[in-house]
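# Structural overview
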Amino acid sequence: MCELVICTIQTITLTNEKAALSFEKKLIMKNICIASFVVLMLVVTTGCGSNPPQAANDSKPAAESGESIYKRTCITCHQANGAGLPNSFPPLAKSDYLADKVKTIGQVIKGSSGDIVVNGNKFNNAMPAQTLSDEEIAAVLTYVYSSFGNSGAPVTVGEVKDARTKL
Ligand code: HEC
């Protein structure tokens, strides 16, 4: 493909040279042709060089990050900064509820409705059960625990599986 483009450019350069009448014209034409040839060469080489290798398409897509799962599923209620919304959505930021990992994992798996007290503030609303895989729950909760000023404790897939048996 690249060779073909270069060949075409060379042919055009030659044709232009033949068409030029006087020596001066020929010289100017030649210079213009060489200049445009150099520019085109640059475009062609950089263009061809940036083609990604085919193998990249065959590899498996990377697992979704906890942050992106949070943005996709939790952010609408618990907000980008994890502070929730007063009287509606409890905070995840420095939430005392997170001290109990099993309960926290259960909250994501089952959701809840009715009275809940977080950091001394009462909420009475409903959180739907989240349809996430164990891997996704581990990733999103690891993100929650390591963000918003929280403890930084990781949540493993094993802990999620374990919590399921206790619900
Ligand atoms: C539709 C809104 C909504 C979504 C989406 C949502 N939650 Fe909730 N969440 C709530 C509400 C409302 C409560 C309190 C429910 C109650 O009153 O029983 C709550 C409670 C919680 C609690 C326990 C209380 C606290 O604030 O610490 C945790 C932990 C939690 N949610 C985590 C999550 C995570 C993680 C996600 C995303 C995977 C998520 N929630 C998605 C609305 C939502």
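Our subject in this report is the structure included herewith. Source: prediction; values computed, not measured. (Residues numbered from 1 in each chain as written. Predicted model: local features only at pLDDT ≥ 70, side-chain atom pairs only at ≥ 80, totals over all residues.)

### Concerning the overall build of the protein chain
- In terms of helices and strands, the protein chain carries eight helices and two strands.
- Across the protein chain, helices and strands are ordered from the amino to the carboxyl terminus as α-α-α-α-α-α-β-β-α-α.
- Across the protein chain, contacts joining residues at least 24 apart in sequence account for 53% of those joining residues at least 6 apart. (Helix = DSSP H or I, 4+ residues; strand = E, 2+ residues; numbered from the N terminus. Contact = placed C-beta atoms within 7 Å.)

### Let's talk about the site of the ligand
- Inspection of the region around the ligand gives 29 residues, with Cys74, Cys77, Pro90, Tyr97 and Met127 positioned closest.
- Counting only elements with at least two residues in the shell around the ligand, the list comes to helix 5 (75-78), helix 6 (101-110), strand 1 (112-118), strand 2 (121-127) and helix 7 (134-145).
- Across the shell around the ligand, the residue classes break down as 17 nonpolar, twelve polar and no charged. (Near = placed C-beta within 6 Å. Nonpolar A, V, L, I, M, F, W, Y, C, P; charged D, E, K, R; others polar.)

### A short note on the environment of alanine 138
- Within the element layout of this structure, alanine 138 appears in helix 7.
- In this structure the C-alpha to C-alpha distance between alanine 138 and glycine 158, which are 20 residues apart in sequence, comes to 8.6 Å.
- If we ignore the near neighbours within four places in the chain, the residues touching alanine 138 are Val155, Thr156, Val157 and Val160.

### Describing the packing of helix 6 against helix 8 (residues 157-166)
- For the pair helix 6 and helix 8, the least separation of the axes is 9 Å and the interaxial angle reads 80°. With respect to each other, helix 6 and helix 8 are oriented roughly perpendicular. Contacts between helix 6 and helix 8 pair Lys101, Val102, Ile105, Gly106 and Ile109 from the former with Glu159, Val160, Ala163, Arg164 and Lys166 from the latter. (Axes fitted to C-alpha atoms, helices over the stretch in contact; angles between N-to-C directions. Parallel < 35°, antiparallel > 145°, perpendicular 65-115°, else oblique.)

### Digging into the nonpolar core
- If you look at the biggest cluster of nonpolar residues, it comprises 17 residues, and the most contacted ones within it are Ile105, Ile137, Val140 and Leu141.
- Secondary structure elements with two or more residues in this core: helix 4 (66-73), helix 6, helix 7 and helix 8.
- Ranked by the residues each element gives to this core, the list is headed by helix 7, at seven residues.
- Filtering out sequence-adjacent residues up to four positions away, leucine 141 remains in contact with Thr104, Ile105, Val108 and Val155. (Core = buried A, V, L, I, M, F, W, Y, C linked by C-beta atoms within 7 Å. Buried ≥ 20, exposed ≤ 12 C-beta atoms within 10 Å, placed from the backbone.)

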